[in-house]
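Chain and residue survey
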Amino acid sequence: MKHIFNQGADQSRPTLLLLHGTGGNELDLLPLAGRIDEDASVLSVRGNVLENGMPRFFKRLAEGVFDEEDLIFRTNELNQFLYDAAKEYGFDLDNIVALGYSNGANIAASLLFHHKNALRAAILHHPMVPRRGIDLPDLTGKAVFIAAGTNDPICSSAESEELQSLLEGAKANVELHWENHGHQLTLGEVEAAAQWYRNLSL
């Protein structure tokens, strides 16, 4: 997978896994990483799927309708990539914190749903529920921050609350942060995510 790896000043810190939104690339979220943890290593990945020329992390059948077969395949592909990247760059595979926006947040949530050991924690900006009707793994000890917009036309308030409920049902520790905005990534939610991250004992 096309990516950027930046070695952090403190290798005991988590590695931040950056996952962009539809039409973005591996450069998009780099400024956010510095706000979250300026000493952490950063692994920023570009999605392997193109939709009308726009990079994504998995296919969809329509807006808000995921291609579940491709979602599972791409989630497994990303999980394998993390394993390979950890060997190549020498970071701790058990100490990865995902930072995802929109489509990137969805694939990060899918990692939590399918691979309990892939992430130590996750910051999900405007995620949707990746899959329904499946049993989630035991996510005890996992911390998840969800940023949502009360006027988000793509991800409804009910969707955000459902994802929180599913993750909490799997014993994850979830904080749901609301902004009175739409689907855009706001400075307020980034600052709230940074504060949440600083309060974690990572």
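Okay, so let's go over this structure. (Residues numbered from 1 in each chain as written. Predicted model: local features only at pLDDT ≥ 70, side-chain atom pairs only at ≥ 80, totals over all residues. Heavy atoms only, no water.)

1. Quick notes on helix H3 (residues 103-114)
Every α-helical turn comprises 3.6 residues, leaving residues that sit three or four positions apart pointing alike. Short version of the rule: Runs of E in the DSSP output that reach at least two residues are strands. Runs of H or I that reach at least four are helices, and both are numbered from the N terminus. How far a helix is expected to stretch is found by multiplying one less than its residue total by 1.5 Å. Between buried and exposed lies partly exposed: a residue is buried under 20% and exposed over 50% of the maximum accessible area for its type, with that area taken using a 1.4 Å probe on protein chains only.
With 12 residues, H3 should reach 16 Å at 1.5 Å per residue; the first-to-last C-alpha distance of 16 Å fits that figure. Most of H3 sits out of view: 11 of its 12 residues are buried. Among the residues of H3, Asn-103, Gly-104, Ala-105, Asn-106, Ile-107, Ala-108, Ala-109, Ser-110, Leu-111, Leu-112 and Phe-113 are the ones counted as buried.

2. Comments concerning the packing of aromatic side chains
The condition is simple: Stacked, tilted and edge-to-face are the three classes assigned to paired rings of Phe, Tyr and Trp, where Trp is represented by its six-membered ring and a pair needs centres within 6.5 Å; plane angles under 30 degrees give stacked, over 60 edge-to-face, the rest tilted.
Under the counting rule described, the total for this entry stands at 4 aromatic pairs. Residues Phe-5 and Phe-91 carry aromatic rings whose centres are separated by 5.7 Å and whose planes lie at 20 degrees to one another, so their mutual orientation is stacked. Here Phe-91 lies in the loop between helix H2 (68-89) and strand S8 (96-101) and Phe-5 lies in strand S1 (residues 3-6), a separation of 86 residues in the sequence. Grouping residues by exposure puts Phe-5 and Phe-91 together as buried. The interplanar angle of 45 degrees and the centroid separation of 5.6 Å between the aromatic rings of Phe-145 and Trp-196 together place this pair among those described as tilted.

3. Regarding the sheet that holds strand S11 (residues 173-179)
To be explicit about the condition: Two strands pair under a simple rule: DSSP has to find at least two bridges between them. Lines are fitted to the C-alpha atoms to define the axes, a helix being fitted only along its stretch in contact, and any angle between axes, read from their N-to-C directions, falls within 0 to 180 degrees. Working rule for contacts: check all heavy atoms of both residues, and any pair within 4.5 Å makes them a contact.
The 7 strands are arranged S1-S3-S2-S8-S9-S10-S11 in an open sheet whose pairing can be described as mixed. Whereas interior strands pair on both sides, the edge strands pair on one side only; in this sheet they are S1 and S11. Pairwise comparison of adjacent strand axes, ignoring direction, gives a mean angle of 15 degrees for this sheet. For strand S9 (residues 121-125) and strand S10 (residues 143-149), the ladder comprises 5 bridges, and the chain directions are parallel. Within the sheet, the bridge partner assigned to His-125 lies in S10 and is Ala-147. Its contacts with the sheet place H3 against strand S2 (15-19), S8, S9 and S10, and it is angled at close to 140 degrees to S8.

Treat this as a map of the structure, not an account of what it does.
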